[in-house]
Number of protein chains: 2
Amino acid sequence: MYQQIADALRAQIDVGSLEPGAKLPTEAEMRDKYGVSRETVRKALALLVNEGLIVSARPQGHFVRRRQPMVFRPQAEFRKRPWSPEMDAFVTEYSAEGREPRQEIEVAIVEPPADVAKRLHLESGELVAVRKRVRYLDGEPFNINDSYFPLNLVRDSEIMRPEDIGRGANEVLAELGYRQVRALDELYVRMPTPDETHRLDLGPGTPVAYHIATGHTEEGKPVRVAITILPGDRHVISYERRREIPSEEA
Amino acid sequence: MYQQIADALRAQIDVGSLEPGAKLPTEAEMRDKYGVSRETVRKALALLVNEGLIVSARPQGHFVRRRQPMVFRPQAEFRKRPWSPEMDAFVTEYSAEGREPRQEIEVAIVEPPADVAKRLHLESGELVAVRKRVRYLDGEPFNINDSYFPLNLVRDSEIMRPEDIGRGANEVLAELGYRQVRALDELYVRMPTPDETHRLDLGPGTPVAYHIATGHTEEGKPVRVAITILPGDRHVISYERRREIPSEEA
């Protein structure tokens, strides 16, 4: 029975008769409408909370989750302007215009996590510098970005200072002789760890994308691994692709 | 208390002392080890199931979730061979070598969902052809791919037949005069719908990536929208990026 009530509410959310941000009927209203117990209503609501469709905001009640995704565009670091009019329009539509960004930066020297050591081809015992950033928009934590660099490359550079680098850490690396010309991106989708839930203030039913980008120099040397944790309710990740040689498959 | 037991198990999974596929201690063993009630042990296990870290396989017990991701490489449709040695190595490492692929195909003429109509710039009332595919690997459903085409472009083509198209639907579109040269990819991360859970046989704590690709011709006409639902426990999504003009920011 609670499944049927959840199905009915989900259908209303799908077609938009319950819009993002809309308040759901109260528990008492639903008990009357469907002729069921309080327990049944609560199970239906809990199901939708875990599916990430609604949020509970006591004491006001339950609301349809509002999504105002920010565009995460990994290609932007190598290409500030999109290639195509479609991407231009897309970025504009989803832009965070008018929202107030802020970030917290922390720098540390650590032993690299296994997945970082592997991608940077580090020997056992080699250390890395990591710049850990939490990015906020309008005071809300939006994503976590941890960028790792082999310590021996960046030891005496600006990268070691816990401050914003106007021209970007990539440019500092380039000045040190390690310009990145290629990157490999991997995206994994999973539930957040308790630490991520805490740092990003995530509600139930909110999975994350784990985005790991490895930057290589022209010679194929990996010099940076950037790990970004993107909560699913706050982001759309976007790429543009282009056919390389139009005649190739003609 | 159940949180602490979950933390202890999670830590063992993180560092690998409990490996993918390993069997967890039984409920009785954990009751003894931690001196807690059956109820407490069950709550700790339920938490880890919902985080997607372990799976329950009654009556045998609980196991650390095994991940054997398949590489989903959207760029492959425009570029069969990777650009870079890093991607070559990556694709090889995660290849589905030796696993048996199979797909089910269904073709229908439908009113487009709102997000498809918008991306194809369709007028109200215009219909689309959709090729719905479920892809299996070793008998396990791996992903769902629904490709939408404006009906007036593909009405009399091979695309309407519920069979595999050896050279690909994109090539059929090109023969009809609509070669795609650019695509815009959007990736959303969310919990699965009940229908997706059913079709993909998803366990608890398994979010999905919703990948929507819009293909455009040289003239900027959108001619195809492909929606792929990728369970997080079975995929890694990958892209390679290249700096366009090395001297641009030098």
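All figures in this text were calculated on a predicted structure; none of them were measured in a lab. Think of each chain on its own: its residues are numbered from 1, step by step along the sequence as written. Numbering of ligands from 1 and lettering of chains from A proceed in the order in which they are written. With pLDDT at 70 or above as the cut-off, local features in this predicted model cover only qualifying residues; side-chain atom pairs require 80 or more to be listed or tallied, and sums for whole chains, interfaces and linings still use all residues. Side-chain measures here rest on the full set of heavy atoms in the structure, leaving out hydrogens and waters.

**Some points on the relation of the copies chain A and chain B**
Turning one copy of the chain about an axis and sliding it along that axis gives the other copy, so a rotation and a shift relate them.
Reasoning step 1: Superposing chain A onto chain B takes a rotation of 180° plus a shift of 0.0 Å along the axis, which leaves an RMSD of 0.0 Å. In the structure described here, the two chain copies are related by an operation that fits a two-fold rotation axis. When each C-alpha of chain A is compared by its distance to the rotation axis, P207 of chain A comes out closest, at 3.1 Å.
Reasoning step 2: Whether two residues touch is decided by their heavy atoms; if any such pair falls within 4.5 Å, the residues are in contact. Most of the interface of chain A is mirrored in chain B, where 100% of its interface residues are also at the interface. All copies are superposed by least squares; the fitting set is the C-alpha atoms of residues with a pLDDT of at least 70 in both.

**Looking at the UniProt feature "domain: HTH gntR-type" (unreviewed entry) in chain A**
Reasoning step 1: As recorded in UniProt, the sites labelled "domain: HTH gntR-type" (unreviewed entry) are residues 1-67 of chain A.
Reasoning step 2: In DSSP terms, a helix is any run of H or I states spanning at least four residues, a strand is any run of E spanning at least two, and both are numbered starting from the N terminus. Annotated as 52% helix and 12% strand, the span residues 1-67 of chain A places its first and last C-alpha atoms 29 Å apart. UniProt positions are given in the numbering used here, feature names are shortened, and annotations may be inferred rather than shown by experiment.

**What about the packing of aromatic side chains?**
Reasoning step 1: Side-chain rings of Phe, Tyr and Trp, where Trp is taken by its six-membered ring, are said to pair if the distance between their centres is within 6.5 Å; with planes under 30 degrees apart they count as stacked, over 60 as edge-to-face, and otherwise as tilted. Within the structure shown, the criterion is met by 3 aromatic pairs over all chains.
Reasoning step 2: Relative to Y210 of chain A, the ring of Y188 of chain A has its centre 6.2 Å away and its plane inclined at 65°; by these criteria the two rings are edge-to-face. Highlighted residues: Y188 of chain A in strand β7 (residues 180-190) and Y210 of chain A in strand β8 (residues 208-217), separated in sequence by 22 residues.
Reasoning step 3: A relative accessible area of 18% places Y188 of chain A in the buried class.
Reasoning step 4: For the pair Y239 of chain A and Y239 of chain B, a centre-to-centre distance of 3.5 Å together with 10° between the ring planes defines the contact as stacked. Taken as a pair, Y239 of chain A in strand β10 (residues 235-242) and Y239 of chain B in strand β10 (residues 235-242) lie in two separate chains rather than in one. Side by side, Y239 of chain A and Y239 of chain B carry an identical accessibility label, which is buried.
Reasoning step 5: Whether a charge lies above a ring is judged from NZ of Lys or CZ of Arg, which has to be within 6 Å of the ring centre and within 35 degrees of the ring normal. Here the guanidinium or amino end of R242 of chain A rests over the ring plane of W83 of chain A, the centre of that ring lying 3.9 Å away. Each residue is placed in one exposure class: buried if its accessible area under a 1.4 Å probe, protein chains only, is under 20% of its type's maximum, exposed if it is over 50%, and partly exposed if it falls in between.

**Re the packing of helix α2 (residues 27-34) of chain B against helix α3 (residues 38-50) of chain B**
Residue and element names in this part refer to chain B.
Reasoning step 1: Lines fitted to the C-alpha atoms define the axes, with helices restricted to the stretch that makes contact. Angles between their N-to-C directions range from 0 to 180 degrees. Here α2 crosses α3 at 110°, and the two axes come no closer than 9 Å. Considering their axes alone, α2 and α3 lie roughly perpendicular with respect to each other. The element α2 and its partner α3 pack so that their crossing is right-handed. Of the residues in α3, those in contact with E27, M30 and R31 of α2 are R38, V41, R42 and L45.
Reasoning step 2: Each residue is assigned to one of three groups, with Ala, Val, Leu, Ile, Met, Phe, Trp, Tyr, Cys and Pro labelled nonpolar, Asp, Glu, Lys and Arg labelled charged, and all others, Gly among them, labelled polar. When grouped by side-chain class, the residues that make up the contact of α2 with α3 number 3 nonpolar, no polar and 4 charged. When an angle is under 35 degrees it counts as roughly parallel; over 145 it counts as roughly antiparallel; between 65 and 115 it counts as roughly perpendicular; any other value is oblique. Left-handed is the label given to a crossing in which the near helix is rotated counterclockwise from the far helix by less than a right angle, and right-handed is the label when the rotation is clockwise.

**A look at the sheet that holds β10 of chain A**
Reasoning step 1: Criterion used throughout: strands pair if DSSP finds at least two bridges between them. With mixed pairing, 8 strands are arranged side by side in an open sheet as β3(A)-β10(A)-β7(B)-β8(B)-β9(B)-β6(B)-β5(B)-β4(B). Edge positions in the sheet fall to β3 (70-72) of chain A together with β4 (101-110) of chain B, since each of these pairs with one other strand and no more. Pairwise comparison of adjacent strand axes, ignoring direction, gives a mean angle of 20° for this sheet.
Reasoning step 2: Pairing of strand β7 (residues 180-190) of chain B with strand β8 (residues 208-217) of chain B, which is carried by 10 bridges, proceeds in the antiparallel orientation. Its bridge partner being in β8 of chain B, L184 of chain B is matched across the sheet by T214 of chain B.

**Structural notes on the side chain of R243 of chain A**
Reasoning step 1: With respect to the secondary-structure elements, R243 of chain A resides in the segment after β10.
Reasoning step 2: What makes R243 of chain A buried here is its relative accessible area of 7%.
Reasoning step 3: A polar contact of 2.8 Å, which involves the side chain of R243 of chain A, links it to the backbone oxygen of Q180 of chain B. Throughout this description, a polar contact denotes any pair of N or O atoms lying within 3.5 Å of each other; where both atoms belong to protein, one of them has to be capable of donating a hydrogen while the other can accept it, and for residues adjacent in sequence the pair is counted only when both atoms sit in side chains.

**What to know about the pairing of β8 of chain A**
Residue and element names in this part refer to chain A.
Reasoning step 1: Counting buried residues along β8, 10 of its 10 residues qualify, which places the element largely inside the surrounding structure.
Reasoning step 2: On β8, burial covers both faces: V208, Y210, I212, T214 and H216 on one face and A209, H211, A213, G215 and T217 on the other are all buried.
Reasoning step 3: Sheet topology places β8 next to strand β9 (residues 222-231); 9 bridges connect them, and they run antiparallel. Bridging across to β9, Y210 finds its partner in I229.
Reasoning step 4: Count of turn residues in the β8/β9 antiparallel hairpin: 4 residues, of which G220 carries a positive phi of about 90°.

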